[in-house]
Amino acid sequence: MNADADRSPARMSPWRFVVWFGTVSLLADVVYEGARSITGPLLASLGASALLVGVVTGAGEAAALGLRLVSGPLADRTGRFWGLAIGGYALTVVSVPLLGVAGVLWAACVLVIAERVGKAVRSPAKDTLLSHAAAATGRGRGFAVHEALDQIGALVGPLLVAGVLALTGDDYGPALGVLALPGLAVLLVLWWLRARVPSPREYERETGAAAPEPGAGRLPRAFWTYAAFTAVTTSGFAPFGVLSYHLVQRHLLTAAWVPVLYAAAMAVDAVAALATGWLYDRIGPRVLVALPVLTAAVAALAFTGTAPVAAAGALVWGAAMGIQESTLRATVADLVPAGRRATAYGLFAGAVGAGSLVGGALTGGLYGYSIPLLVTVVVAVQVLAVALLAALRTTRH
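Residues numbered from 1 in each chain as written. Predicted model: local features only at pLDDT ≥ 70, side-chain atom pairs only at ≥ 80, totals over all residues. Heavy atoms only, no water.

**What about a nonpolar patch on the surface?**
- Judged by side-chain polarity, Val-94, Leu-98 and Val-101 come together as a nonpolar surface patch covering roughly 280 Å² of accessible area.
- With respect to the helices and strands, the residue Leu-98 is situated in helix α5 (residues 81–99). (Patch = residues over 30% accessible without salt bridge, like charges linked within 9 Å, V, L, I, M, F, W, Y side chains within 5 Å. Areas by Shrake-Rupley, 256 points an atom, 1.4 Å probe, with all protein chains shown as cover. Salt bridge = Lys/Arg side-chain N within 4 Å of Asp/Glu carboxyl O. Helix = DSSP H or I, 4+ residues; strand = E, 2+ residues; numbered from the N terminus.)

Structure, rendered in structure tokens:
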């Protein structure tokens, strides 16, 4: 039986559901953002080059996004949104503590990618569950509040890791091992929330929105234009692994300070998500023009040889991430009807995943060749992205 066929009323208000689902993401972010904040230095300590760091982190993001091509349609066909969400979170919270005791480069690379596979499994289902409640709260605001809560975890996780690194003399094992505790809390809260709200789709039905059957209808043309825009702009976006590699290898920051900077970037992420979410509910996708502008600015600032300027580039990186993780996802929900939404999130993420893989390899490769060329290429790519965003307005009307 379809797991979301149950039409019993939701036993929690839409805003409370958004907040509790944001709490799940908060706890999960303590785990995996804590790990991501030191991925570059960790891999470098095991002998990785800048190119390998870029490829592995880019491949991880590609896995986190590209595999949603499978998990998204699977969620729509089976209706097992809660099961996929819980399973994906479980894979992530198990992989991170193991990363701290891997000891060899190949195993660490596998675990970095495995953590991202967990995100691939859960994300279309999670975004679809959230989109139903956000239909009642306002798409931009609902996704933005969720992202802001998410980023509290992204702030706490890196700071926790930084503190343990400082206490242990840069020992990655204890720094990642301590993240097992919030990982357990993720699973406990998810099981409780599922019991309280077994069918979040009722939130959207109560707004009077149409609810086509799963799999019905084609994805609209505007969706494909939008997916192309996000893929192109992401293909010029440097992973934080490459940024942190630059900071440590050029002796601009110590390994212990990199997570602190990452935490600051996550705070900027939360502010950017709230600001663009509020604007999105008022002016629509036009607010997304900020994304290619910020992406180009990251390349121009983050790879300089001056610590304050490079740190400013990392904060701009956080602002771009805030838009990627909130307003981009809200737009998909507005472009695609509920019955095809998980599939759309999977396809959308697959396009962005391809862009992430290109972005990691491109910035990592060009970093070792010519930083001025890196900046030039990224700016050119973002000009193309702006053109695609302009085309989206035409396809929607």
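Read on for the rest.
**Side note on the packing of helix α4 (residues 68–78) against helix α6 (residues 105–137)**
- Close contact between α4 and α6 brings their axes to 8 Å; oriented N to C, the two are set at 40 degrees. For the pair α4 and α6, the crossing hand works out as right-handed. On α6, the residues that touch Arg-68, Ser-71, Gly-72 and Ala-75 of α4 are Lys-119, Ala-120, Val-121, Ser-123, Pro-124 and Ala-125.
- Counted by class, the contact of α4 with α6 contains 5 nonpolar, 3 polar and 2 charged residues. (Axes fitted to C-alpha atoms, helices over the stretch in contact; angles between N-to-C directions. Left-handed = near helix turned anticlockwise from the far one by under 90°. Contact = heavy atoms within 4.5 Å. Nonpolar A, V, L, I, M, F, W, Y, C, P; charged D, E, K, R; others polar.)

**Remarks on the packing of aromatic side chains**
- In the structure shown here, the tally under the stated rule is 14 aromatic pairs.
- Seen from their ring centres, Phe-21 and Trp-82 are 5.8 Å apart, and the 85 degrees between their planes marks the pair as edge-to-face. Of this pair, Phe-21 sits in helix α1 (residues 14–36) while Trp-82 sits in helix α5, and the two are 61 residues apart along the sequence.
- On the accessibility criterion, Phe-21 (1% relative accessible area) is buried.
- A relative accessible area of 4% means that Trp-82 is categorised as buried.
- With a centroid separation of 5.2 Å and 70 degrees between ring planes, the pair formed by Phe-223 and Trp-224 is classed as edge-to-face.
- A network of ring pairs unites the aromatic residues Phe-17, Phe-21, Trp-82 and Tyr-203 as a single cluster. (Phe/Tyr/Trp six-rings, centres within 6.5 Å; stacked < 30°, edge-to-face > 60°. Buried < 20%, exposed > 50% of the residue type's maximum accessible area, 1.4 Å probe, protein only.)

**Here we look at helix α12 (residues 240–249)**
- Within α12, 9 of the 10 residues are buried, which leaves it mostly tucked inside the rest of the structure.
- A positive backbone phi angle near 60 degrees is found at His-251, which sits one or two residues after α12.

**Here's the deal with unusual backbone geometry**
- Although it is not a glycine, Asp-170 adopts a positive phi angle of roughly 65 degrees.
- Position of Asp-170 among the secondary structure elements: in the loop between α7 (139–168) and α8 (172–177).
- Its identity as a non-glycine residue notwithstanding, His-251 has a phi of 60 degrees, on the positive side.
- Relative to the helices and strands, His-251 resides in the loop between α12 and α13 (258–283).

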